[in-house]
Amino acid sequence: MCTLEKKGRVLILTLTGSGEHRLGPDMISSLRSALATARSDSTAGALVVTNEGRFFCNGFDLAWTGKSKEKLMTLVSQAKPLIADLVSLPMPTIAAVTGHVAAAGVMFALAHDYVYMRGDRGVFYCSELDVGLPFPPYFMVLMRTKLTKPGTLRDLALGAKKINAIEGKERGLVDKVFDSASDVLPEAVNMAEQLAARNWIGGVYASIRMSMYPDLCRSVGIPQESDEEVEKHFVSRL
């Protein structure tokens, strides 16, 4: 499913194997467990999430759901706290994408602070319209939050357009593009090391991120911080 290793102060979460890394109950559970471990590591300064094989994440595990609406809605519900885990994680996060990203996998990638991607292969593809499924509300809030350039959300959601890394950088989907898959992870780790070296307070980082995206936080069930909770972050620096 996935592994979590540590290089200095950088945690590297890898979706392992040559499969499509689809989000089924076991994969979601494995990812959430790894993120819980990351959250509890007080010495970690940044997280990089990457993949083996041709896919970063190819969406929900539709083989597991079959034609069951109930099972599909189970995955929709289970993926919501996974997104919340990333949005509230007390450290910078980088998705080091070396394969295709589709449907729910797009949401998983966009939930990171930065997206690095190979330029020679791989696309972002919201397949929902093509397969006849609506977007769960929190998916749409996440896309509206992260995709601010005109036409990008329309083309992904209402055009089911496949967008490669180079075009993705122009449209704000991708932050940096690299020549090949072998370049992506080392560059992401290098960036993560630079971020970790800033020695930011994790709770403050998470608090600022969550305050940037209030609609997204509400949609995935992250409670708004109270004035008292925000005040504690000030006290922790004094």
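Not measured: the values here are computed from a predicted model.

Caption draft 1: Quick look at the packing of aromatic side chains. This model, assessed by the stated rule, comprises five aromatic pairs. With a centroid separation of 6.0 Å and an interplanar angle of 35°, the aromatic rings of F60 and F139 are classed as tilted. Residue F60 is found in the loop between β4 (55–57) and α2 (62–65), and its partner F139 is found in helix α6 (residues 137–146); the two are separated by 79 residues along the sequence. Under the relative-accessibility criterion, F60 is labelled buried at 8%. Considering the side-chain rings of W200 and Y205, the 5.8 Å spacing of their centres and the 20° angle between planes classify their relative orientation as stacked.

Caption draft 2: Representation of the environment of T3 within the structure. Relative to the elements of secondary structure, T3 occurs in strand β1 (residues 2–7). The sequence separation of T3 and M117 amounts to 114 residues, and the corresponding C-alpha distance is 20 Å. In this structure T3 touches I12, L13, T14 and T16, once residues within four positions along its chain are discounted.

Caption draft 3: A negative patch on the surface, seen in detail. Where like charges cluster on the molecular surface, the negative patch consists of D227, E228, E229 and E231. Relative to the assigned elements, E228 resides in helix α12 (residues 227–237). Overall, the relative accessible area of 53% leaves E228 in the exposed class.

Caption draft 4: Focus on the pattern of salt bridges. Taken as a whole and judged by the stated rule, the model has ten salt bridges. Notably, a salt bridge pairs E167 with K161, separated by 3.8 Å at the nearest N-O pair. In this structure K161 comes out as partly exposed when scored by relative accessible area, which is 30%. One salt bridge in this structure joins E167 and R171, with 2.8 Å as the shortest N-O distance. Taken together, the positions of E167 and R171, both in helix α8 (residues 165–171) and four residues apart, correspond to about one turn of that helix. Members of the salt-bridge network, linked through shared partners, are R154, D155, K161, E167 and R171.

Caption draft 5: Representation of the sheet that holds strand β3 (residues 46–51) in the model. Strand order in the open sheet formed by six strands is β1-β2-β3-β5-β7-β10, with mixed pairing between adjacent strands. Looking along the sheet, the strands with just one partner apiece sit at the ends: β1 and β10 (176–178). Adjacent strand axes in the sheet meet at a mean angle of 20° when their direction is disregarded. As paired elements, β1 and strand β2 (residues 10–15) share six bridges and run antiparallel to each other. Bridging across to β2, E5 finds its partner in I12.

Caption draft 6: Looking closely at the sheet that holds strand β6 (residues 100–102). With mixed pairing, four strands are arranged side by side in an open sheet as β4-β6-β8-β9. Only two strands of the sheet have a single partner each, and these edge strands are β4 and β9 (162–164). Across this sheet, the average inter-strand angle for adjacent strands is 20°, counted without regard to direction. Pairing of β6 with strand β8 (residues 123–125), which is carried by two bridges, proceeds in the parallel orientation. Residue pairing across strands places A102 opposite Y125, the latter belonging to β8.

Calculation notes
Residues numbered from 1 in each chain as written. Predicted model: local features only at pLDDT ≥ 70, side-chain atom pairs only at ≥ 80, totals over all residues. Heavy atoms only, no water. Phe/Tyr/Trp six-rings, centres within 6.5 Å; stacked < 30°, edge-to-face > 60°. Helix = DSSP H or I, 4+ residues; strand = E, 2+ residues; numbered from the N terminus. Buried < 20%, exposed > 50% of the residue type's maximum accessible area, 1.4 Å probe, protein only. Contact = heavy atoms within 4.5 Å. Patch = residues over 30% accessible without salt bridge, like charges linked within 9 Å, V, L, I, M, F, W, Y side chains within 5 Å. Areas by Shrake-Rupley, 256 points an atom, 1.4 Å probe, with all protein chains shown as cover. Salt bridge = Lys/Arg side-chain N within 4 Å of Asp/Glu carboxyl O. Lys, Arg positive; Asp, Glu negative; His and termini not counted. Charge placed at Lys NZ, Arg CZ, Asp CG, Glu CD. Pairing = 2+ DSSP bridges. Axes fitted to C-alpha atoms, helices over the stretch in contact; angles between N-to-C directions.

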